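Descriptive analysis of the structure
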Amino acid sequence: MSHAAKKTVSLFYDVMSPYAWIAFEFLCRARNKWNINLALKPIWLAAIVKASGNMPPVPNKKAYSRKDLSRLSTFYSIPINQPANLHEVLMVKGSLSAQRLLTSVQMTQSDMTEHLSRELWMRVYNRASVSRDLEH
């Protein structure tokens, strides 16, 4: 009996997105069960949002996202806690430096990308320690 080659699933993500964190954790947990290779692809979401013209504010998104993320956090056991200064984190501090770091790590030490990505998400959405760390 021959074994089918593993399929590769690519996850394009930005550590500013809590929804990307949920997808990341789900795929990391499912990769062995589904017999897949997970290819992590850091991207800078702000550039995509700007190029698409899908700029904030999006009516009702904030209220819906807060409830939705709370439910998903519980369901998937991911410790998502939105920072009190969410607008500053997303719109002022951003993730460009963090995504550049992840891209560099992905290119030079790809075995560390998963751990570093998780650590960056934890800093933003769990430890409330969003500071200059992401930008400097």
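Calculation criteria
Residues numbered from 1 in each chain as written. Predicted model: local features only at pLDDT ≥ 70, side-chain atom pairs only at ≥ 80, totals over all residues. Heavy atoms only, no water. Helix = DSSP H or I, 4+ residues; strand = E, 2+ residues; numbered from the N terminus. Buried < 20%, exposed > 50% of the residue type's maximum accessible area, 1.4 Å probe, protein only. Contact = heavy atoms within 4.5 Å. Pairing = 2+ DSSP bridges. Right-handed = clockwise from strand over helix to strand, strands pointing away.

Each helix and strand in the chain was counted, giving 6 helices and 2 strands. Each of the 136 residues in the chain was classed as buried or not, and the buried ones make up 33%. Put simply, 76% of the contacts in the chain that link residues at least 6 apart link residues at least 24 apart.

Turning our eyes to something else, we now look at the pairing of strand β2 (residues 36–42). Burial within β2 is extensive, with 5 of its 7 residues counted as buried. Two strands pair when backbone bridges link them, and strand β1 (residues 7–13) and β2 are joined in this way by 7 bridges, in the parallel orientation. In the strand pairing of β2, K7 is matched with I36. A crossover connection joins β1 to the parallel β2 through helix α1 (residues 18–34); in handedness this β-α-β unit is right-handed.

Attention now moves to the side chain of T113. As for its position among the elements, T113 is in helix α6 (residues 113–125). Overall, the relative accessible area of 1% leaves T113 in the buried class. In this structure, T113 is in contact with Y13, L40, L102, V105 and Q106, ignoring residues within four places of it in sequence.

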